[in-house]
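Below are the chains, spelled out letter by letter.
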Amino acid sequence: MLIVNRKLGERIVIGGGIEITVTEISARKVRLGIVAPRGVSVLRGEVHDEVAAANASALDSESAAQSDSKEEARE
Amino acid sequence: MIRIDNTRFGTIEIEEASVMHFSEGLVGFPNEKRFALIHNANEPIAHLQSLDTPAIALPVVDRHLFGKEYPSPGPAELARSAGLGGDDFIVLVPISKKNQNVRANMLAPIIVNAGNRQAAQVVLDPQRYSTHAPIQ
């Protein structure tokens, strides 16, 4: 992981189209401003992980349902 | 025609024109970029079959199951912010089945530009929608 120091108001530019600006700093929190092109999703990490887990669970439930129906077919 | 073996539907053949292209993949599955919608007319549940990984088939239902208000913001705005464009959209909601319970991932529907078949999974407001909403 790349780690950089930034002061209030300073930016990071990623890939030319994405900019992250430090807009506020307090003891336990930073506020970030993000500019990204349309089509690039920007998600809080925990929301991303929740959706990824829901997708994985939907796929799993499907293979479970499939093996269930195979079991039933065997009985 | 694209032929894909070993799916839950067996071997399937998909016309190139009906392939949906997800430039960012699904959330958590960024490498799955091509899908086809497999829909048996008698069943409410369709499947988004990955054309890259045969084992991946995401069960989905049409958004109309959730009433006229869903999704908010509406399909056109979601498509625009996802960089899809177009004016005719299909919105699909992933579901999961555990025992007899069917849950809908209303937080993260899939939006498809029906014209050019560009598609994306978008994430709505987590304060408003859940990943495991019960279906009546």
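Above this text is the structure in question.
Report on the accompanying structure.

Procedures and definitions
Residues numbered from 1 in each chain as written. Chains lettered and ligands numbered in written order. Predicted model: local features only at pLDDT ≥ 70, side-chain atom pairs only at ≥ 80, totals over all residues. Heavy atoms only, no water. Phe/Tyr/Trp six-rings, centres within 6.5 Å; stacked < 30°, edge-to-face > 60°. Helix = DSSP H or I, 4+ residues; strand = E, 2+ residues; numbered from the N terminus. Buried < 20%, exposed > 50% of the residue type's maximum accessible area, 1.4 Å probe, protein only.

## Side note on the packing of aromatic side chains
Residue and element names in this part refer to chain B. Across all of its chains, the model carries 3 aromatic pairs over all chains by this definition. Where Phe 22 meets Phe 35, the ring centres are 5.0 Å apart and the plane angle is 65 degrees; that geometry is what we call edge-to-face. One end of the pair, Phe 22, is in strand E3 (residues 20-22); the other, Phe 35, is in strand E4 (residues 34-38), and 13 residues separate them in sequence. Comparing Phe 22 with Phe 35, the two get one shared label, buried. Ring centres of Tyr 70 and Tyr 129 lie 5.2 Å apart, and the angle between their planes is 90 degrees; this geometry places the pair in the edge-to-face category. Within this pair, whereas Tyr 70 is found in the loop between strand E6 (57-62) and helix H1 (75-81), its partner Tyr 129 is found in the loop between strand E10 (118-121) and strand E11 (133-134), the two being separated by 59 residues in sequence. Note on accessibility: Tyr 70 and Tyr 129 belong to one class, buried. What links up through ring pairs into an aromatic cluster is the set Phe 66, Tyr 70 and Tyr 129.

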